[in-house]
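Observations on the three-dimensional arrangement
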Amino acid sequence: MSSLPSLLVVNAFIGTAGYKKLYQELGYAVVTEWSERRAISLVRKNPPAVIVADFYHQSDFRDRLSNLESLLAAVQSAPTTRILVFYEPAHQTVLDKVSARLRVDAAFTLPVQEDRLRATLQTWLNNPLTSA
């Protein structure tokens with residue numbers, strides 16, 4: 001008996017909120033977390049197949065560029081987890097800087113094109129990463 005692959009939604013803002021039904025239709029077991037710290041704890045205990053998260057930059061961050069750097073750093077040790085972020089086009093430059101240091105497997109601008117999201121997640125479902 002196989003279980004459904006898990007998909008963790010880290011819902012900081014509204015970007016990721018409307019797609020739970022799509023994730024479930026594709027065959028993912030969906031877990032939603034509003035706290036990045038709790039999401040990190042979940043990733044360390046049981047890495048999901050996919051993480052979907054909102055990415056944003058605020059100029060008043062003192063020691064980081066974005067809301068996701070701690071989570072992205074934690075996920076680097078989970079090589080079978082894919083990372084998808086939603087972001088505002090104005091944050092492209094910051095996302096480029098962060099993704100140069102930390103793995104991001106896919107990034108979609110808001111508003112997300114649902115057909116692209118579906119195709120990407122379906123491809124990942126059909127071709128899961130395996131640990132070496």
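Residues numbered from 1 in each chain as written. Predicted model: local features only at pLDDT ≥ 70, side-chain atom pairs only at ≥ 80, totals over all residues. Heavy atoms only, no water.

Description of the packing of aromatic side chains
Under the counting rule described, the total for this entry stands at 2 aromatic pairs. Relative to Phe86, the ring of Tyr19 has its centre 5.8 Å away and its plane inclined at 75°; by these criteria the two rings are edge-to-face. Note that Tyr19 is positioned in the loop between strand S1 (6–10) and helix H1 (20–26) and Phe86 in strand S4 (residues 82–87), a separation of 67 residues in sequence. Of the two residues, Tyr19 and Phe86, both sit in the buried class. Three or more aromatic residues joined by ring pairs form one cluster here, namely Tyr19, Tyr23 and Phe86. (Phe/Tyr/Trp six-rings, centres within 6.5 Å; stacked < 30°, edge-to-face > 60°. Helix = DSSP H or I, 4+ residues; strand = E, 2+ residues; numbered from the N terminus. Buried < 20%, exposed > 50% of the residue type's maximum accessible area, 1.4 Å probe, protein only.)

Focus: helix H4 (residues 92–101)
Within the sequence span of H4, burial applies to Val94, Leu95 and Val98. Seen end-on, H4 carries its buried residues on one side only, within an arc spanning 100°. Exposed residues pointing more than 90 degrees away from the buried face of H4 are listed as Thr93 and Ala100. Tucked into the core, H4 has its buried residues touching strand S3 (50–55), helix H3 (69–75), S4 and strand S5 (106–109). (Arc of directions from axis to C-beta. Contact = heavy atoms within 4.5 Å.)

A few points about the nonpolar core
Within soluble globular proteins, side chains that are nonpolar tend to cluster in buried spots. Grouped together as the largest cluster of nonpolar side chains are 21 residues, with contacts concentrated most on Val10, Ile51, Phe55, Leu68, Leu71, Leu72 and Val85. When residues of this core are traced back to their parent elements, those giving at least two are S1, helix H2 (36–45), S3, H3, S4 and H4. Per-element tally for this core: the top contributor is H3, with 4 residues. The contacts of Val85, once residues within four sequence positions are left out, are Ala53, Phe55, Leu68, Leu95, Val104, Ala106, Ala107 and Phe108. The next biggest cluster of nonpolar side chains, apart from the first, holds 18 residues, and it includes Tyr28, Val30, Phe108 and Leu117. (Core = buried A, V, L, I, M, F, W, Y, C linked by side-chain atoms within 4.5 Å.)

Focus on H2
Regarding H2, the residues found buried are Glu36, Ala39, Ile40 and Val43. For H2, the angular spread of buried residues about the axis comes to 100°, placing them on one side. In H2, the exposed residues that point more than 90 degrees away from the buried face are Arg37, Arg38 and Lys45. Taken together, the buried residues of H2 touch S1, strand S2 (29–33), S3 and H3.

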